[in-house]
Amino acid sequence: MKPATGDAPKVVKSEQEWRAQLSPEEYHVLREAGTERPFTGEYVNTKTVGVYTCRACGTELFRSDTKFESHCGWPSFFTPLAGDAVIERVDSSLGMRRVEVVCANCQSHLGHVFEGEGYDTPTDLRYCINSVSIKLEPAAD
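The structure contained in this document is the topic of the report that follows.

Rules of the game
Residues numbered from 1 in each chain as written. Predicted model: local features only at pLDDT ≥ 70, side-chain atom pairs only at ≥ 80, totals over all residues. Heavy atoms only, no water. Helix = DSSP H or I, 4+ residues; strand = E, 2+ residues; numbered from the N terminus. Rg over C-alpha atoms; globule rule 2.2 N^0.38 Å. Buried < 20%, exposed > 50% of the residue type's maximum accessible area, 1.4 Å probe, protein only. Salt bridge = Lys/Arg side-chain N within 4 Å of Asp/Glu carboxyl O. Pairing = 2+ DSSP bridges. Axes fitted to C-alpha atoms, helices over the stretch in contact; angles between N-to-C directions. Phe/Tyr/Trp six-rings, centres within 6.5 Å; stacked < 30°, edge-to-face > 60°.

1. Some points on the overall build of the protein chain
Turning to step 1, where the next piece is worked out: In terms of helices and strands, the protein chain carries 2 helices and 9 strands.
Turning to step 2, where the next piece is worked out: Its helices and strands in sequence order give the protein chain the pattern α-α-β-β-β-β-β-β-β-β-β, from N to C terminus.
Turning to step 3, where the next piece is worked out: Computed over the C-alpha atoms, the radius of gyration of the protein chain is 14 Å, within 12% of the 14 Å expected from 2.2 N^0.38 for a compact globule of 141 residues.
Turning to step 4, where the next piece is worked out: Out of the 141 residues belonging to the protein chain, those deemed buried represent 49%.

2. Remarks on the pattern of salt bridges
Between side chains of opposite charge, pairing is possible as soon as their charged atoms come close.
Turning to step 1, where the next piece is worked out: Under the defined criterion, the tally for this structure stands at 7 salt bridges.
Turning to step 2, where the next piece is worked out: Residue Glu-117 is joined to Arg-126 by a salt bridge in which the shortest nitrogen-to-oxygen separation is 2.7 Å.

3. A look at the sheet that holds strand β7 (residues 109–115)
Turning to step 1, where the next piece is worked out: Spatial ordering of the open sheet is given by β3-β4-β8-β7-β6-β5, a layout of 6 strands whose pairing is antiparallel. At either margin of the open sheet sits one strand with a lone partner, and together these are β3 (67–68) and β5 (86–91).

4. Some thoughts on the sheet that holds strand β2 (residues 60–63)
Turning to step 1, where the next piece is worked out: Within the open sheet, the 3 strands sit side by side as β2-β1-β9. Their pairing is antiparallel. Edge positions in the sheet fall to β2 and β9 (134–138), since each has one partner strand and no second. Averaged over all adjacent pairs, the angle separating strand axes in this sheet is 30°, with direction ignored.
Turning to step 2, where the next piece is worked out: Here strand β1 (residues 50–54) runs beside β2; their pairing, made up of 3 bridges, is antiparallel. Counterpart to Tyr-52 in the pairing with β2 is Phe-62.

5. Focus: unusual backbone geometry
Turning to step 1, where the next piece is worked out: Positioned with a positive phi, His-71 is a non-glycine residue whose angle comes to about 60°.
Turning to step 2, where the next piece is worked out: Structurally, the position occupied by His-71 is in the loop between β3 and β4 (76–77).
Turning to step 3, where the next piece is worked out: Phi at Asp-124 takes a positive value of approximately 60°, unusual for a residue other than glycine.
Turning to step 4, where the next piece is worked out: Of the residues examined, Asp-124 reaches a relative accessible area of 29% and is grouped as partly exposed.

6. Comments concerning the packing of aromatic side chains
Any aromatic ring pair is given by two values, namely how distant the centres are and how the planes are angled relative to each other.
Turning to step 1, where the next piece is worked out: Inspection of the entire model under this criterion finds 5 aromatic pairs.
Turning to step 2, where the next piece is worked out: A ring pair is formed by Tyr-52 and Phe-77, whose centres lie 5.1 Å apart and whose planes are at 70°; its orientation type is edge-to-face. Of this pair, Tyr-52 sits in strand β1 while Phe-77 sits in strand β4, and the two are 25 residues apart along the sequence. Just as Tyr-52 is buried, Phe-77 falls in that class too.
Turning to step 3, where the next piece is worked out: In textbook terms, an aromatic cluster arises when at least three aromatic residues are bridged by ring pairs, as seen for Tyr-43, Tyr-52, Phe-62, Phe-77 and Tyr-127.

Rendered as structure tokens:
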């Protein structure tokens, strides 16, 4: 995985440490910028209230109240948490311009962000995030 521009990750582990911590699918998506198949992730249709954290390092990234139905096959959010929870960088790996989203804390791949698609959201952004990259921490009752 190529390093993100900007600040160095706060969580630094060797590839061997990441492989020991993550399942093969998690490692492929989070550390090798892979993508899970559409409509297969555990959070595609989840309506549970809570906070989504980075599966690799536990950093809070998205809140359930910013999740929306995009019908694209992956969980979609219209904004990350305030502050510097994520880093966005240009990704031209498929011969087109996309914007990759990585965790600012450990620089693990989360997904991509798209704009101008016409969704009825406050930001007109769609953070298209792999379920395997995040973990839902349900809100306390």
